Amino acid sequence: MKGEFGSISRKGFEGRFGYGMRSRSHRVVEDCSVTVVDALRQSCWANMPSELLRDVLMRIEESECSWPQRKNVVACAGVCRSWREIMKEIVRNLEVSGKMTFPISLKQPGPRDTLIQCFIKRNRGNQTYHLYLNLSQASNDDGKFLLAARRCRRPTYTDYIISLNADDVSKGSNNYIGKLRSNFLGTKFTIYDAQPPNAGAKVTKSRSTRIVGMRQVSPKVPAGNYPVAHISYELNVLGSRGPRRMQCIMDTIPTSAIEPEGVAPTQTEFLPGNFDSFPSLPFFRSKSTRTDSFRSGPLLTPKDEMLVLKNKAPRWHEQLQCWCLNFNGRVTVASVKNFQLVASLENGAGGQEQENVILQFGKVGKDIFTMDYQYPISAFQAFAICLSSFDTKIAFMFELAIWCYVILSTLFPYFLSTCIGRRASRTGAPNHK
């Protein structure tokens, strides 16, 4: 295999067929060279015996268990079409294998038995957040990049644009996969997916299109707004003791998913172009139904209940005089942003399942936070939920304003009566010159 890689190197083809020529007079030669290169590459690797090729690829997939060695599996999938098809059959989804391989793994539910350990780096200067996969449990300095988000402040709401590329975080990009939107106070959030999470998902009205001169203008890459989750925070107003409480309603995940035999919708590939996002534009529609892109899973019906996640109640530590949660060493700095999400008692299965932490988020440095998640949520959903924890300052300012109003309304009558009494005493006192 090493010999074959050397014999068909890119440099050899460029020198042999004149690929580096860029003038107009040699445009025909350049186009022919590209065609010949692609044909030779395809024929060289496609002619390998299928049994030998499958055995080699299976050995590579089994031996490379973690990043950065896992990149060899991705490299094999990019050799040619036949290798890519075999790799798609060999590499199992994240729920079964517990290995992140292709970008679609970020949309798939995590493993059932273990938490995937990640960390988030915040950049206060440009309002960006980067999600990394932990390569070492001992350090959060280096990791495999997964997702990026950029905060966009609007007059009445805030958007967090989520992208697969750290250098291209915009809704009009091919790397755009979803967003998080908050209300004005930062107490309610909605997670939108750019692609349908299941075959029966419905798109909501997108603000990315606008009317200009009686024409509908769309971005370069159409993107849908499919709501997949709703997050709400409860304010600690008027003396409610303890940390803030949050609740997440997963619109596309049924309550039965947390049961041992439960199944959550699993996406197996990205839909090219998001063309189904704009039903009003017929030329954006695809002839295929695109139902093969999702594994057969439960579609929510009116009888099904949506999975509800809530933060795990902490316990009060008398000696430390603070609220405590067991993060198993993953959180080292006390913060109001720290939380653990479990299935709600009202909608989840009773018993031991309620103690199973589905998502935990906590602070370990000035701008570094850990994020660990597992089945039935995906890395994209977990990242969006954690982003909501960064955008609650307006709500707390509102809470502070309420507290100030309560204090002032209580103390103002006392100060008023005191001032009136002093003025009356000065008026009735004798005038000494």
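Under an unreviewed UniProt entry, the name given to the protein chain is Tubby-like F-box protein 3, and the organism recorded is Sesamum angolense. Under the UniProt heading Sequence similarities (unreviewed entry), the entry covering the protein chain gives this text: "Belongs to the TUB family."

Thoughts on the overall build of the protein chain
Of the regular secondary structure elements, the protein chain holds nine helices and 16 strands. The proportion of buried residues among the 433 residues of the protein chain is 42%. Put simply, of all contacts in the protein chain between residues at least 6 apart along the chain, 61% involve residues at least 24 apart. Only carbon and sulfur atoms are counted for the fraction: they give 55% of the accessible area of the protein chain, which is about 24700 Å².

As for the nonpolar core
Side chains of a nonpolar character, in soluble globular proteins, are inclined to be buried together. Residues M100, L359, M371, Y373 and F383 are the most contacted members of the largest nonpolar core, which totals 52 residues. Aside from chain neighbours lying at most four places away, what touches Y373 is L94, M100, G110, T114, L115, I116, C118, I358, L359, S378, A379 and A382. Counting 13 residues, the second largest nonpolar core, distinct from the first, contains A77, W83, M87 and I90.

A short note on the confidence of the model for the protein chain
The share of residues in the protein chain with pLDDT of 70 or more is 62%, and the mean pLDDT across the chain is 74. Element-level pLDDT for the protein chain is lowest in strand β7 (residues 210-212), with a mean of 36, against a maximum mean of 96 in helix α8 (residues 379-388). Low pLDDT, under 50, characterises residues 206-222; the stretch is placed with 35 contacts to residues that sit more than four places away or in other chains. Counting interchain partners and residues more than four positions distant, the pLDDT-below-50 stretch residues 274-299 has 59 contacts.

Notes on unusual backbone geometry
Residue W67 is joined to P68 through a cis peptide bond whose omega torsion reads 5 degrees. Assignment of secondary structure puts P68 in the loop between α4 (50-63) and α5 (71-77). For the peptide bond that leads from Y375 to P376, omega is 15 degrees, which places it in the cis range. With respect to the element layout, P376 can be found in the loop between β16 (368-373) and α8. Backbone geometry places Q127, a non-glycine residue, at a positive phi of 55 degrees. Structurally, Q127 is set in the loop between β1 (116-123) and β2 (128-134). Positioned with a positive phi, N328 is a non-glycine residue whose angle comes to about 55 degrees. Summarising the element assignment, N328 is placed in the loop between β13 (322-324) and β14 (339-343).

Quick look at the packing of aromatic side chains
Following the criterion strictly, the structure yields nine aromatic pairs and no others. Considering the side-chain rings of F339 and F361, the 5.5 Å spacing of their centres and the 35 degrees angle between planes classify their relative orientation as tilted. Residue F339 is located in strand β14, and its partner F361 is located in strand β15 (residues 359-363); the two are separated by 22 residues in the primary sequence. Classification of F339 as buried rests on a relative accessible area of 5%. With a centroid separation of 5.0 Å and an interplanar angle of 85 degrees, the aromatic rings of F369 and F390 are classed as edge-to-face. Remark: F390 occurs in the loop between α8 and α9 (393-428) and F369 occurs in strand β16; sequence separation between them is 21 residues. As far as burial versus exposure is concerned, F369 and F390 are alike and both buried. Grouped by ring-pair contacts, the aromatic residues Y129, Y160, F339, F361, F369 and F390 constitute a single cluster. Positioned above the aromatic ring of Y375 is the side chain of R112, whose terminal nitrogen or guanidinium carbon lies 3.9 Å from the ring centre. Here the basic side chain of K121 rests over the ring of Y132, its NZ or CZ set 5.7 Å away from the ring centre.

Remarks on the side chain of S97
Along the chain, S97 turns up in helix α7 (residues 94-97). Among the polar contacts listed, one links the side chain of S97 to the backbone oxygen of N93, at a separation of 2.9 Å. Within the local environment of S97, its side chain forms a polar contact with the backbone nitrogen of K99, the two atoms lying 3.3 Å apart.

Describing the sheet that holds β14
Taken in spatial order, the 12 strands of this closed barrel run β1-β2-β3-β4-β5-β6-β9-β10-β11-β14-β15-β16, and their pairing is antiparallel. Mean inter-strand twist for the sheet, computed between neighbouring axes without regard to direction, equals 20 degrees. In terms of strand pairing, β1 meets β2 through six bridges, oriented antiparallel. Residue pairing for β2: N123 is matched across the bridge by T128. Across the face of the sheet, α8 comes into contact with β1, β2, β3 (143-153), β4 (158-163), β5 (176-182), β6 (188-193), β9 (226-234), β10 (245-254), β14, β15 and β16 while running at roughly 155 degrees to β6.

Describing empty space enclosed by the protein
Over the atoms rolls a probe the size of a water molecule, and in doing so it shows where empty space is left. Scanning the model with the defined rule gives three cavities of 30 Å³ or more in all. Of the pockets and cavities examined, the largest cavity occupies roughly 140 Å³. Taken together, 13 residues form the lining of the largest cavity, with K107, P197, T252, P265 and Q381 sitting closest to its centre.

Details of helix α6 (residues 81-90)
The complete set of buried residues in α6 reads W83, I86, M87 and I90. The buried residues of α6 all sit within an arc of 100 degrees when viewed along its axis, so they share a single face. Seen from the open side of α6, the exposed residues pointing more than 90 degrees away from its buried face are R81 and E89.

Definitions and cut-offs
Residues numbered from 1 in each chain as written. Predicted model: local features only at pLDDT ≥ 70, side-chain atom pairs only at ≥ 80, totals over all residues. Heavy atoms only, no water. UniProt positions renumbered as here; feature names shortened; annotations may be inferred. Helix = DSSP H or I, 4+ residues; strand = E, 2+ residues; numbered from the N terminus. Buried < 20%, exposed > 50% of the residue type's maximum accessible area, 1.4 Å probe, protein only. Contact = heavy atoms within 4.5 Å. Areas by Shrake-Rupley, 256 points an atom, 1.4 Å probe, with all protein chains shown as cover. Core = buried A, V, L, I, M, F, W, Y, C linked by side-chain atoms within 4.5 Å. pLDDT = per-residue confidence, 0-100. Phe/Tyr/Trp six-rings, centres within 6.5 Å; stacked < 30°, edge-to-face > 60°. Lys NZ or Arg CZ within 6 Å of the ring centre and 35° of its normal. Polar contact = N/O pair within 3.5 Å; in protein donor to acceptor, adjacent residues only side chain to side chain. Pairing = 2+ DSSP bridges. Axes fitted to C-alpha atoms, helices over the stretch in contact; angles between N-to-C directions. 1 Å grid on protein atoms, 1.4 Å probe; cavity = no way out; pocket = protein on both sides within 12 Å on 5 of 7 lines; lining within 4 Å. Points joined across faces, edges and corners; volume = space filled by probe spheres on them. Arc of directions from axis to C-beta.

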